[in-house]
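Report on the structure
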Number of protein chains: 2
Amino acid sequence: MIRIGILGYGNLGRGVECAVKQNEDMELAAVFTRRDPDSVQILTQNTPVYSIQEILDHKNEIDVLIICGGSATDLPVQTPEYVRDFNVVDSFDTHAKIPEHFANVDKAAKESGKIGMISIGWDPGMFSLNRVYANAILPDGKDETFWGKGVSQGHSDAIRRIDGVADARQYTIPVPSSLEAVRNGQALELSAREKHTRECFVVAKEGADTGRIEKEIKEMPNYFADYDTTVHFISQEELNQNHSGIPHGGFVIRNGKTGWNGEHGHVIEYSLKLDSNPEFTSCVLVAYARAAYRMNLEGMSGCKTAFDVAPCYLCRQSNEELRAQML
Amino acid sequence: MIRIGILGYGNLGRGVECAVKQNEDMELAAVFTRRDPDSVQILTQNTPVYSIQEILDHKNEIDVLIICGGSATDLPVQTPEYVRDFNVVDSFDTHAKIPEHFANVDKAAKESGKIGMISIGWDPGMFSLNRVYANAILPDGKDETFWGKGVSQGHSDAIRRIDGVADARQYTIPVPSSLEAVRNGQALELSAREKHTRECFVVAKEGADTGRIEKEIKEMPNYFADYDTTVHFISQEELNQNHSGIPHGGFVIRNGKTGWNGEHGHVIEYSLKLDSNPEFTSCVLVAYARAAYRMNLEGMSGCKTAFDVAPCYLCRQSNEELRAQML
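Residues numbered from 1 in each chain as written. Chains lettered and ligands numbered in written order. Predicted model: local features only at pLDDT ≥ 70, side-chain atom pairs only at ≥ 80, totals over all residues. Heavy atoms only, no water.

Further remarks concern the side chain of Ser178(A). Residues and elements named next belong to chain A. Residue placement: Ser178 occurs in helix α6 (residues 176-183). Accessibility expressed as a relative area gives 7% for Ser178, which makes it buried. Residue contacts for Ser178: discarding those within four places in its chain leaves Phe146, Leu190 and Glu194. (Helix = DSSP H or I, 4+ residues; strand = E, 2+ residues; numbered from the N terminus. Buried < 20%, exposed > 50% of the residue type's maximum accessible area, 1.4 Å probe, protein only. Contact = heavy atoms within 4.5 Å.)

Before going further, it helps to spend a moment on unusual backbone geometry. Leave glycine aside and you will find that most residues have negative phi; peptide bonds, for their part, are mostly trans. At the junction of Gly148(A) and Lys149(A), the peptide bond is cis and its omega measures out at 0° in the coordinates. Its place among the elements puts Lys149(A) in the loop between β7 (141-147) and β8 (150-151). For the bond running from Asp123(B) to Pro124(B), omega is 5°, close enough to zero to count as cis. Locating Pro124(B) in the fold gives a position in the loop between β6 (115-117) and α4 (126-137). Even without a glycine there, the phi angle at Asn46(A) is positive, about 65°. Checked against the element boundaries, Asn46(A) lands in the loop between β2 (26-33) and β3 (49-51). Overall, the relative accessible area of 80% leaves Asn46(A) in the exposed class.

Moving on, we come to the relation of the copies chain A and chain B. Comparison of the two chain copies shows a relationship of rotation about an axis with a shift along it. Note on the identical chains: chain A maps onto chain B by a rotation of 180° and an axial translation of 0.0 Å, with an RMSD of 0.0 Å. Classification of the inter-copy transformation places it as that of a two-fold axis. When C-alpha distances to the rotation axis are compared across chain A, the minimum falls at Ala310(A), with a value of 1.9 Å. Here 100% of the interface residues in chain A have copies in chain B that are interface residues too; the copies meet face to matching face. (Least-squares fit on C-alpha atoms with pLDDT ≥ 70 in both.)

Moving on to helix α1 (residues 11-22) of chain A. For α1(A), built from twelve residues, the straight-helix expectation of 16 Å at 1.5 Å per residue is met to within 8% by its first-to-last C-alpha distance of 17 Å. Extensive coverage of α1(A) is indicated by the burial of nine of its twelve residues. Residues of α1(A) that are buried include every one of Leu12(A), Gly13(A), Gly15(A), Val16(A), Glu17(A), Cys18(A), Ala19(A), Val20(A) and Gln22(A), and no others. On its buried face, α1(A) sits against β1 (2-7), β2, β4 (64-67) and α10 (277-297) of chain A together with β12 (248-258) of chain B. (Expected span 1.5 Å × (residues − 1).)

On to empty space enclosed by the protein. Going through the model one piece at a time under the given rule, you end up with five cavities of 30 Å³ or more. Roughly 50 Å³ of internal volume is contained in the largest cavity. Contributing elements (two or more residues each) for the lining of the largest cavity: α4 (126-137) of chain A together with α4 of chain B. Of the residues that constitute the lining of the largest cavity, the class distribution is seven nonpolar, two polar and no charged. In terms of lining residues, the second largest cavity is bounded by Lys142(A), Asp143(A), Glu144(A), Val182(A), Gln186(A), Ala187(A), Leu188(A), Ile253(A) and Asn255(A). Sort the elements by how many residues they give to the lining of the second largest cavity and β7(A) lands first, with three residues. Tallied by class, the residues present in the lining of the second largest cavity amount to four nonpolar, two polar and three charged. (1 Å grid on protein atoms, 1.4 Å probe; cavity = no way out; pocket = protein on both sides within 12 Å on 5 of 7 lines; lining within 4 Å. Points joined across faces, edges and corners; volume = space filled by probe spheres on them. Nonpolar A, V, L, I, M, F, W, Y, C, P; charged D, E, K, R; others polar.)

Residues and elements named next belong to chain B. Put simply, helix α2 (residues 75-82) and helix α3 (residues 98-112) touch, their axes get as near as 8 Å, and they point 20° apart. On the basis of their axis angle, the class for α2 and α3 is roughly parallel. For α2 against α3, the interelement crossing comes out right-handed. Where α2 abuts α3, its residues Leu75, Pro76, Thr79 and Pro80 lie against His101, Asn104, Val105 and Ala108. Residue composition of the contact of α2 with α3, grouped by class: five nonpolar, three polar and no charged. (Axes fitted to C-alpha atoms, helices over the stretch in contact; angles between N-to-C directions. Parallel < 35°, antiparallel > 145°, perpendicular 65-115°, else oblique. Left-handed = near helix turned anticlockwise from the far one by under 90°.)

Moving on, we come to the packing of aromatic side chains. What the rule picks out here adds up to nine aromatic pairs over all chains. Ring plane angle 85° and centroid distance 6.1 Å describe the contact between Phe127(B) and Tyr270(B), whose orientation is recorded as edge-to-face. Of this pair, Phe127(B) sits in helix α4 while Tyr270(B) sits in strand β13 (residues 264-274), and the two are 143 residues apart along the sequence. Members of the aromatic cluster, joined through ring pairs, are Trp122(A), Phe127(A) and Tyr270(A). (Phe/Tyr/Trp six-rings, centres within 6.5 Å; stacked < 30°, edge-to-face > 60°.)

Here you go:
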């Protein structure tokens, strides 16, 4: 049994807990929290919840620690810190800062002889993998990534910070005609506006000026100004009833040409349709935790991304079973 | 530069030649043939064509030999033989015999210290990889593979062997309603007939009994009897004009449940739409030739499949570039 530890018990930590339950070769050994451990109720029976302060006392009980913190402030500190004592996996998703995070984790992991698996999830993660595979196969081509339909947490938060807004949920939606054009092999230079629309469901506080709120949303730089945005004002009850899920998904599509004169076209498409973004991300984290454990057993150490992991390390089946059943 | 050798110059060998041209870090060093080398015209200027008899004289000029023979009789002999002197890549696709082929290649490759990369292409190959990734992520789920729309060479050949048939082309086509049901997350047990239909374009010899030919096709065990099959009799001119391409493709779709009680559903879909089956297969072979070269440089040897290859070995970009550009 691979003994998994969870650091941080929010949506992602709970997702990891559920995913561990689905994998017969794993057990949840402990959950570590910054909160008072007595205040944290987990789903798994007989698994202890400890304060993060005590984590090093339990290092011999954990094969892989899955770090379920946020990319803004938690992971840049926690991943390099805990890879000194544990094989770790994180879902660091600030694309621009990945090289820096990689360097920090790699240095600490090489010193400790552990594996630090970073930026695991679906983007970065499975989508990144599909970009690499498709680029390797079709070097003379172009890829596009579309996200959605799904809830963007960052954009929802941005709306909630507007004066007069009680609650909000934002959906990112691919533009169907652009998706279809890329899928049909057309090589286009698509602007942000041509790729995605943004749909917002907003609960206004009593007496708030909805016209002003709508204008502030639509003109918000980076978040909304470059997109066609629609705003719907609804009640808190309606938001709770129809928009409480965290679905997401998207598409990675690469077109390429082959032949002596580029006479043949090809389309590679990978897509995800997810009822729960954090639970799916958690499933990916857990598969890569298995890989981290196995690769470290074989003597590997240092920082790894999905690009560095041979697929055979991810499945609980043996290599012989994989070749017989899935090749 | 990675120096590629091609063994066997048919559709696949020519596809490899075209793919090598698209990859800046590769050059075509030589083509080896069982035919009279003087009778083989290749596309690349200044690359020699040699008889297969002379292949060992050129072993120091080749980094990876891509073996472009057939799975029935060529590859089971050639891959174990040539891995004694070369890193090799093949597209062995007889699923049931992969374990045996793996064992033979592995033994020879471990003795020689070379890499023997087998069963590379899209199925086996990219589709297999997507089954493994999706199974690892969603262990509580089910996957289906659909093939087509595309030309099945084996089925076309089977029709051509019928008395009175001058030429034929067979298309395998996914049943749209089944594809849609699987895509929408329905867990179904689909029969062969429910998954694919078969459409045949047949040129009858003059005076042949088309009724008898159609009956023989539709009742042919394994090939057609288990499918809804349509047969169109057309002229050789029409066949040549409208059915001379070798398109193919397909879909690997996995549905799975997550959550403490399986309350959330997810769909992972990978699909290919290929104008030229052999050229796309060739592109995959070439990417894995790069991996074979790099892995062997790092001291690895033995038989490998796509499951054993970390994606970073496939792209000509450095790991730093991949992390910065594609993660």
